Amino acid sequence: MSQQHSAAPAPAIATVARRRDWWRDAVIYQVYPRSFADSNGDGMGDLEGVRARLPYLRDLGVDAVWLSPFYASPQADAGYDVADYRAVDPMFGNLLDADALIRAAHALGLRIIVDLVPNHSSDQHEWFKRALAEGPGSPSRDRYHFRPGKGENGELPPNDWESIFGGPAWTRVADGEWYLHLFAPEQPDFNWEHPAVGDEFRSILRFWLDMGVDGFRIDVAHGLVKAEGLPDIGDADQLKLLGNDVMPFFDQDGVHEVYRQWRHVLDEYAGERIFVAEAWTPTVERTAHYVRPDELHQAFNFQYLSTDWDAKELRAVIDRTLEAMRPVGAPATWVLSNHDVTRHATRFANPPGLGTQIRTAGDRELGLRRARAATLLMLALPGSAYVYQGEELGLPDVVDLPDEVRQDPAYFRGAGQDGFRDGCRVPIPWTREGSSYGFGGGGSWLPQPASWGELSVEAQTGVAGSTLELYRAALAARHTQPDLGAGDGVEWLRAPEGVLAFRRGEFVCVANTGGESVTTPAYGRVLLASGELTEADGEAKLPADTTVWWITA
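**Comments concerning the overall build of the protein**
No. 1: Per the secondary structure count, the protein includes 14 helices and 21 strands.
No. 2: Scaling as 2.2 N^0.38, a compact globule of 553 residues should have a C-alpha radius of gyration of about 24 Å, and the protein matches this with 23 Å.
No. 3: Structurally, the protein occupies a C-alpha span of about 80 × 50 × 50 Å along its principal axes.
No. 4: The buried share among the 553 residues of the protein stands at 60%.
No. 5: Taking contacts inside the protein between residues at least 6 apart in sequence as the whole, the part at least 24 apart equals 68%.

**Focus on the packing of helix α5 (residues 195-211) against helix α6 (residues 255-266)**
No. 1: Contact geometry for α5 and α6: axes closest at 10 Å, N-to-C directions at 30 degrees. Classified by the angle their axes make, α5 and α6 are roughly parallel. With respect to the hand of their crossing, α5 and α6 are arranged in right-handed fashion. Taken together, the residues of α6 that come into contact with α5 (itself represented by F201, R202, L205, R206 and L209) are Q261, W262, V265 and L266.
No. 2: Broken down by class, the residue content of the contact of α5 with α6 amounts to six nonpolar, one polar and two charged.

**Quick word on the environment of A459**
No. 1: Mapped onto the elements of the fold, A459 is located in helix α13 (residues 457-460).
No. 2: If sequence neighbours within four positions are ignored, A459 has contacts with R432, G453 and E454.

**What to know about the packing of aromatic side chains**
Between two aromatic rings, the relevant description is the distance of the centres plus the angle of the planes.
No. 1: A complete count under the given rule lists 36 aromatic pairs for this structure.
No. 2: Note on Y304 and W334: the rings are 4.9 Å apart at their centroids and 70 degrees apart in plane angle, and the pair reads as edge-to-face. A residue pair is termed long-range when its members are at least 10 positions apart, and Y304 in helix α8 (residues 302-305) and W334 in strand β12 (residues 333-335) qualify at 30 residues. In terms of burial, Y304 and W334 fall into one category: buried.
No. 3: Between the aromatic rings of F507 and W549, the centroid separation amounts to 5.5 Å while the plane-to-plane angle is 75 degrees, which identifies the pairing as edge-to-face. Taken as a pair, F507 in strand β16 (residues 507-512) and W549 in strand β21 (residues 546-551) lie far apart in primary sequence, 42 residues in all. Neither F507 nor W549 differs from the other in exposure class; each is buried.
No. 4: Sitting above the plane of the W430 ring, R53 keeps its charged end 4.0 Å from the centroid.
No. 5: Between R143 and the ring centre of W127, over which it is positioned, the NZ or CZ distance is 4.2 Å.

**Notes on the pattern of salt bridges**
No. 1: One pass over the full model with this rule turns up 32 salt bridges.
No. 2: Notably, a salt bridge pairs D232 with K150, separated by 3.4 Å at the nearest N-O pair. Here D232, found in the loop between β9 (215-218) and α6, pairs with K150, found in the loop between β6 (146-147) and β7 (170-172); they are 82 residues apart in sequence, far enough to count as distant.
No. 3: Note on K150: relative accessible area 38%, which makes it partly exposed.
No. 4: Linking D219 and R217 is a salt bridge whose minimum nitrogen-to-oxygen distance equals 3.0 Å.

**Comments concerning the confidence of the model for the protein**
No. 1: Per-residue confidence for the protein gives a mean pLDDT of 93; residues scoring 70 or more make up 94%.
No. 2: In this model, residues 1-14 is a region of pLDDT below 50 whose contacts with residues beyond four sequence positions or in other chains number 41 contacts.

**What about the sheet that holds β7?**
No. 1: Read across the open sheet, the three strands follow the order β6-β8-β7; overall the sheet is antiparallel. Edge positions in the open sheet fall to β6 and β7, since each of these has one partner strand only.
No. 2: As paired elements, β6 and strand β8 (residues 178-180) share two bridges and run antiparallel to each other. Note on β8: the bridge partner recorded for F146 is Y179.

**Comments concerning the side chain of K226**
No. 1: When you line up the elements, K226 lands in the loop between β9 and α6.
No. 2: Take K226: its relative accessible area is 7%, and that puts it in the buried class.
No. 3: At a separation of 2.8 Å, a polar atom in the side chain of K226 contacts the side chain of D189.

**Digging into the sheet that holds strand β1 (residues 27-31)**
No. 1: Spatial ordering of the open sheet is given by β11-β10-β9-β5-β2-β1-β13-β12, a layout of eight strands whose pairing is parallel. Looking along the sheet, the strands with just one partner apiece sit at the ends: β11 (298-299) and β12.
No. 2: Relative to strand β10 (residues 274-277), β9 runs parallel, the two being bridged by four bridges. By the bridge assignment for β10, I218 is matched with A277.

**Digging into the side chain of S456**
No. 1: The topology assignment puts S456 in the loop between α12 (409-413) and α13.
No. 2: Other than its neighbours up to four places away in sequence, S456 contacts L393, P429, W430, T431 and R432.

**Things to note about α6**
Along an α-helix, residues three or four apart share an orientation, since each turn contains 3.6 residues.
No. 1: Given a rise of 1.5 Å per residue, 12 residues ought to cover 16 Å, and the 17 Å separating the end C-alpha atoms of α6 matches this to within 8%.
No. 2: Residues of α6 that are buried: V255, H256, V258, Y259, W262, R263, V265 and L266. Projected down its long axis, α6 shows its buried positions confined to an angular sector of 160 degrees, all on one face.
No. 3: Elements that come into contact with the buried residues of α6 comprise β5 (111-116), α5, β9 and β10.

**A closer look at the environment of I551**
No. 1: Structurally, I551 can be placed in strand β21.
No. 2: Sequence separation between I551 and C509 is 42 residues, and the spatial gap between their C-alpha atoms is 9.0 Å.

**Re the pairing of strand β2 (residues 64-67)**
No. 1: What you see with β2 is no split at all: A64 and W66 on one side and V65 and L67 on the other are buried throughout.
No. 2: Pairing geometry for β1 and β2, over four bridges, is parallel. Directly across from V31, in β2, lies its bridge partner L67.
No. 3: Here four bridges tie β2 to β5, and the two strands are oriented parallel to one another. From the neighbouring strand, V65 faces β5, where its bridge partner is I112.

Each value, and the rule that gives it
- Residues numbered from 1 in each chain as written.
- Predicted model: local features only at pLDDT ≥ 70, side-chain atom pairs only at ≥ 80, totals over all residues.
- Heavy atoms only, no water.
- Helix = DSSP H or I, 4+ residues; strand = E, 2+ residues; numbered from the N terminus.
- Rg over C-alpha atoms; globule rule 2.2 N^0.38 Å.
- Buried < 20%, exposed > 50% of the residue type's maximum accessible area, 1.4 Å probe, protein only.
- Contact = heavy atoms within 4.5 Å.
- Axes fitted to C-alpha atoms, helices over the stretch in contact; angles between N-to-C directions.
- Parallel < 35°, antiparallel > 145°, perpendicular 65-115°, else oblique.
- Left-handed = near helix turned anticlockwise from the far one by under 90°.
- Nonpolar A, V, L, I, M, F, W, Y, C, P; charged D, E, K, R; others polar.
- Phe/Tyr/Trp six-rings, centres within 6.5 Å; stacked < 30°, edge-to-face > 60°.
- Lys NZ or Arg CZ within 6 Å of the ring centre and 35° of its normal.
- Salt bridge = Lys/Arg side-chain N within 4 Å of Asp/Glu carboxyl O.
- pLDDT = per-residue confidence, 0-100.
- Pairing = 2+ DSSP bridges.
- Polar contact = N/O pair within 3.5 Å; in protein donor to acceptor, adjacent residues only side chain to side chain.
- Expected span 1.5 Å × (residues − 1).
- Arc of directions from axis to C-beta.

Have a look at this one:
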């Protein structure tokens, strides 16, 4: 049963500043609720914990907060298996807590974006339980993808699709039929050809919009629609094709009609509410299809996230992104880390070419130096940017979690994704000491390293040169410098090999991605730098893996 929300509906945007097109240059902070702040000492973060820490996010300088799922769920995939889209899981609180959080955020000038999971539900969703109970041929089964199997007795899956989490994408039920799940078996895929599915999700949108949320991050936005007939792929190693090729279950053109219908719903509400797509596509040009004027507002730039710390490669993906977004009038949306990939402080600590899930700690000092430089580069680019909780502290991935504490379902499938996402989900540290470094009054659902205390908010606040103060200064500059933020292009400047340099009005960004110091022109007044640099006679010496912001006026 959905929880009843007895409080009065929240105002559309409450006291949030009414800045037109705010999302075009917004910095949006991702909160992974179970790992952000624990208000009741049970070791699990919750909505009240998030609400209590909102002043920290305001002072950090972000514009909005994206909350990963907090809906009622059996937690087979950390809440991305939703049993009730209109209820809060008791682990995180209740609808009154959600209401209080939204109102408190608006009072502080912050917007709230919630996660929406439309590709699949939990196997404990009422629709799916009814489909199982009613059996083959029932109308309830048409809301999911149930099929008879192949083979003499239907003992083989209906096609050769593989789960993202490893193994076949099909599970057989007791009556002999199979159902499709592109992720875990506990996450059956909806059939978006069935009109009831679209009707239900438009109703869900209105439920949360009436609660006052400012937008939705759409999980697996490239999923939903499958190719007609569910054709075989004919490849036994399909995961290598993901994000590199068009797949019959991802990035089908039919998804765009879904989002056009959703946009009509969103535009009924005042306050510039937005959609952001998690859309893994083969090219940034395909990503641009999701942000056409009558569809979504933003789409994560996973091509950028996946790019190594290399000037030539970075310039290429920046150019392709800006060129792809310009014709559709959408902002580029930059991101370096999230809850599904190894934190960039650890990715950049390792040799290039290892992908976005890495099992080794690498060179911690090198990784942090590059992560700081990469952040300043990202925040200098035109468009919007996303920050994942804890990256402002320079947190690395925790790569040595014991097997017995891991909860990533991909880890237990034995194939598919590496299944090491737990490493970026360890609860973040707030204080130098305490049983969970200020995360809560008890322990934490994943163990925190002994080094967490010195990386905490308390340890870094007010410390010149700390990563936290670097983020605060950079985000403050984005609010005060007119040439930062929104835009659709940069003017590239001549620079030594391994260096990126570009101008935006009276602002210049120079990033040295190489392993040696380089000499560049001193373009004016240093606004901010990720590392120490020296200036003399109109020139500047940039250390390895360092980004500098200049003001030329």
